[in-house]
Amino acid sequence: MVSLSIKTLILSLSVASLATTSLAAPSNGCSDLAVKQGVNITYADVAQCYASIPFNKEAARATLDSLTTIFDEYYVSRDTELSPRLAKPFQSDPVDIVAKLKKIGRTRYTSDRQFHTDVYEAVESLHDGHAAYAPYCYVAYMFVQPISMYAPVINGKQELKVYKDNKGRKYEDCTVTKIDGKNGMAQVKKRASFLMNSKDPNVRLNEALASMAYKPDAGDFVAYPGQFALRNLLPERATVRYELQCGGSKKKVIVEDEWAISPQMPWQFTDTESYIKNVCLAPAGGADASAGSLRKRDLVSISSDRHDEIYALNKRALDAQATSPPSPSVTTPPVANPTLPPVYPEAIKIAAGNSTVFYQLKDRPTVGVIVFVAAMIDFNDIDFHYKSLETLYQKGVTDIIIDIVSGDGGYANVGPDFAQFFFPNKGPLDKLIKMNLRVTPAIQQLSTKVFKSSDGGYSQMGNMFSLQGGGFYDSSRFFDYANNRLYTDNSLYTDTVTETRNGRKAVYTKMTAYKPATHPVNTNLAKYPWTNNPSRLRIVTDGRCLSACANVAYYLADQYKVLTYGIGGTNGQPLSKYQYAAAGAVTQEGLVGMFVSGNMTSPFKPTPYQGIVSVVLAEFFAPGSKIPLEFDGVRYATDYRMDYDPINARSREAMWTQVAKAAWK
C-alpha cells in the first residue's frame, strides 16, 4: 500500500509539468453573462466567461492530490474497474482511474476549463453513476436543445425520430437522418458512450434519448429530454444542425437550433473575479456559495445527515420547457402505425406517496401499477403502502406491474424493505444482501475512534443510514455474520481480508450487511393474490433505475424471481434491469465529516473548486458470487424485451397495457 507521503510526493512531481501560463482573458470576461441575470443567455456569454478564467496551477495540483487519494484509498471499485471482460449486456472498457488522474497531472495545460473538463470526463469514463467530479465552475449552466429525440421501432424498423419540438414547429416524429452532417443515430450513440450512467450501452442510449418520468411536483408524467439534448458542460458548438425527413416526403428539412441556457443555481457575480470567488472556489468553512437561495439538493441527493445515494447531476435543474407535459398534438403521431390505438389508454390514480404512486388500468381493472419514483421509503411510508395495496385489492386488482422506468436512488437498504410488501414470510437474514468495504490504515484508525458513535443513524425500519458520527466506519452499524448480530466491537475493520483483483492487491472487510429489519406484521397480506406469488407481479424498466432503485429491482427479480420487461435501447439487443447497484456512496464532504467526528485530520482536503465529488465506499454481492453486483453482468439482463413506439413512448398507460397483455393475456 502506498503511504500518503510517498503518494503526495509522486503526485506533486507529476503535476510539476502543469503550465503556469494563463489563458488571456477576453475583455468582457464574465460581465456580459452577469448582466443577463439568468435570462436570454447566449452560448457566447458562457463561453467567454469560462475562457476568461485563468488556469489555476495550485488549484489543479490540489484537485489531483485530493482526487487521487479518494479514488486510490477509498473507492471500493478501484480494482474491479480494471476488469477486461464484463458479461453481457455490459460493454465497457477497463479504467484505471488513478493512472488517468496521474496522466492528467503530466499534461501541460493553459486552459482552466480544459483541465477540469478532462478530470470530469476521466471520472465519468468509469460509467459508475456514484463516482463524480463536477465542479460548479464549469457545470454552472444547463444547455438544452428544443428538439429531443427517441428511437421507436415501427413495422420492424428502428429509426431516430423527433420526440418533442419545444418551439412548436410540429417536427414530432420526423426522422432525424443527420446531426451536424453525420449519421444521426451514430451521433447519439457517440454521445451515449461517454455517459456515466451504466456499463450497458443500451441503457446509456436510453439515457441519451427522451423519455417520460413521474414528477411529484407536477403530479404526472413529464417529458425528460435525455442527455443528448441536455448538457452540463459547455457544448462543442453554439448550435446543433439537424437534417429531417417528415411524413412520407423525401424532402430534407434542415433545422439549426441554438442551445437554451439557464443557470443551475442563482449564482451571484458581476465579473470574472467575482465569478471565480462565488461560483468556482470553495468558500472557507465549506459553506455553499449562494447561501439561502442555493439549493444543493437540486444537484445531489446525499447530505451529511440523511442518506448515502447520489443522483445524476443533470436530472435535477432542467429548463422549464424541457420538463413540461407532452403536447396534446402528439396524441396522433403523423407516422404512427395505423394498427395502434387512436387514443391513449387510461389509468386511474389511486394514491400518491413520497416515493411511489399507485394506479389501476381502466381497460384492465384487474391490473394495478406501482410507479417507483425514488427509493426514499422510510417508516412513515409503510402504512401508506399497506393502505394502498389494500385499496388495490378492494378494487379487484389481482396482478401488479411495478414500474421502475427512470426510478431514482435513495436509501441503500430500501431494496429488502420494499420486497417485504410482497414477500413477507422470509426470515430477517433473508432480507440482507452481503457487502464489503475497502480498508486502509487511516480507515482502521478512524473506525477505532468512531465505534458506537451512532446518532440514531437508522430509522425505525433500518433503511435510513445516516452519515452523522462515524457513518460507514462505525462497525456497530453493520451485521456480524459470524455472531448473528450487529457488531459489538471494531473487528469489522481489524479482522480483514486481502484480495487481488485484476492483478492489484487491496484490503477489504469481511462480508457484512446493513442492519436487518422486518416490517410490522400485517395480516391483510395473506389474502392478496400477489403475496409470495411472483406470477402475479411484473417489472417494467428502461434500465435507468439507479442505485437504491436498482437494489429494489435486484431483490424482486433476482431473489424472488419476478419477471422483468425491458423497453428501449437497440432493437434486438439485451437491456439491463437497472444502472448500477452499489451499497453506499458518499461525497467528499461526508467523508471528511467522518474524520472530523473521530477528531482526526482528514488524509485529504476537499477540492479547491466547490462542486460534487463522490465515490462508492461499499459494494454489494449476490449470493454465491465473488463479483461485486455492479459488475456482475450475468444478473442484469431483463427476461423480456419491448420496443418504444410513438404511442407507448408518450403514454405510460399504453406501456403498462402492453406489459399486462404479454404477462396475463
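Chains are numbered independently. Their residues run from 1 in the order of the written sequence. Restriction of local features to residues with pLDDT of at least 70 applies here, the model being predicted, together with a cutoff of 80 or more for giving and counting side-chain atom pairs; totals for whole chains, interfaces and linings are based on all residues. No hydrogens and no water enter the side-chain calculation; it runs on all heavy atoms of the structure.

Within an unreviewed UniProt entry, the label attached to the chain reads Tail specific protease domain-containing protein, and the organism entered is Linnemannia hyalina.

Enquirer: Is there a simple way to think about the sheet that holds strand β11 (residues 230-231) in this case?
Expert: Strands belonging to one sheet form pairs held by backbone hydrogen bonds; the direction of such a pair is parallel or antiparallel. One open sheet accounts for three strands, arranged β11-β2-β14; its pairing is antiparallel. Of all strands in the sheet, those bounded by a partner on one side alone are β11 and β14 (260-263). Strand pairing is assigned whenever DSSP detects at least two bridges linking the two strands. Here a strand is any run of E in DSSP of at least two residues, a helix any run of H or I of at least four, and the numbering for each starts at the N terminus. Bridge count between strand β2 (residues 141-144) and β11: two bridges; the pairing is antiparallel. When the bridges of β11 are listed, F143 appears paired with R231.

Enquirer: Would you explain the confidence of the model for the chain in this entry?
Expert: Residues shown with low pLDDT carry predicted positions that ought not to be read at fine detail. The quantity known as pLDDT measures the predictor's confidence residue by residue, on a range of 0 to 100. Of the residues in the chain, 82% have a pLDDT of 70 or more, and the chain-wide mean is 84. Throughout, a residue-residue contact means that at least one pair of heavy atoms, one from each residue, lies within 4.5 Å. Segment residues 287-342: pLDDT under 50, and 158 contacts once partners within four positions in sequence are set aside and those in other chains are kept. Scored below 50 in pLDDT, residues 456-464 makes 31 contacts in the model with residues more than four places away or belonging to other chains.

Enquirer: What's the story with the packing of aromatic side chains in this structure? I'm lost.
Expert: Aromatic ring pairs are reported here in terms of the distance separating the ring centres and the angle at which the planes meet. Between 30 and 60 degrees the pair is tilted, below 30 it is stacked and above 60 it is edge-to-face, where a pair is any two Phe, Tyr or Trp rings, Trp via its six-membered ring, whose centres lie within 6.5 Å. Here the structure, examined in full by the defined rule, presents 31 aromatic pairs. Summarising the aromatic geometry, the rings of F221 and W656 are spaced 5.9 Å apart at their centres and angled 70° between planes, so their arrangement reads as edge-to-face. Taken together, the residues F221 in strand β10 (residues 220-224) and W656 in helix α16 (residues 652-664) connect sequence positions 435 residues apart. Judged by its relative accessible area of 5%, F221 falls in the buried class. Its relative accessible area of 0% is what places W656 among the buried residues. We call a charge positioned over a ring when the NZ of a Lys or the CZ of an Arg lies within 6 Å of the ring centre and within 35 degrees of the ring normal. Note that R231 overlies the ring of F228, its terminal NZ or CZ placed 5.0 Å from the centroid. Across the ring face of Y163, the terminal group of R650 is positioned such that the distance to the ring centre comes to 5.1 Å. Exposure is judged per residue with a 1.4 Å probe applied to protein chains only, and the accessible area is read against the type maximum: over 50% gives exposed, under 20% gives buried, and values in between give partly exposed.

Enquirer: How should unusual backbone geometry be read in this particular structure?
Expert: Across the chain, the bulk of peptide bonds are trans and the bulk of non-glycine residues have phi less than zero. Here the bond from K88 into P89 is cis, since omega is 15°, no more than 30 degrees from zero. Checked against the element boundaries, P89 lands in the loop between α4 (57-73) and α5 (97-105). Positive phi outside glycine occurs at D180, with the angle close to 50°. Relative to the helices and strands, D180 resides in the loop between β7 (175-179) and β8 (182-183). One non-glycine residue, N599, lies in positive phi territory at about 55°. By secondary structure assignment, the location of N599 is in the loop between α15 (588-597) and β29 (611-620).

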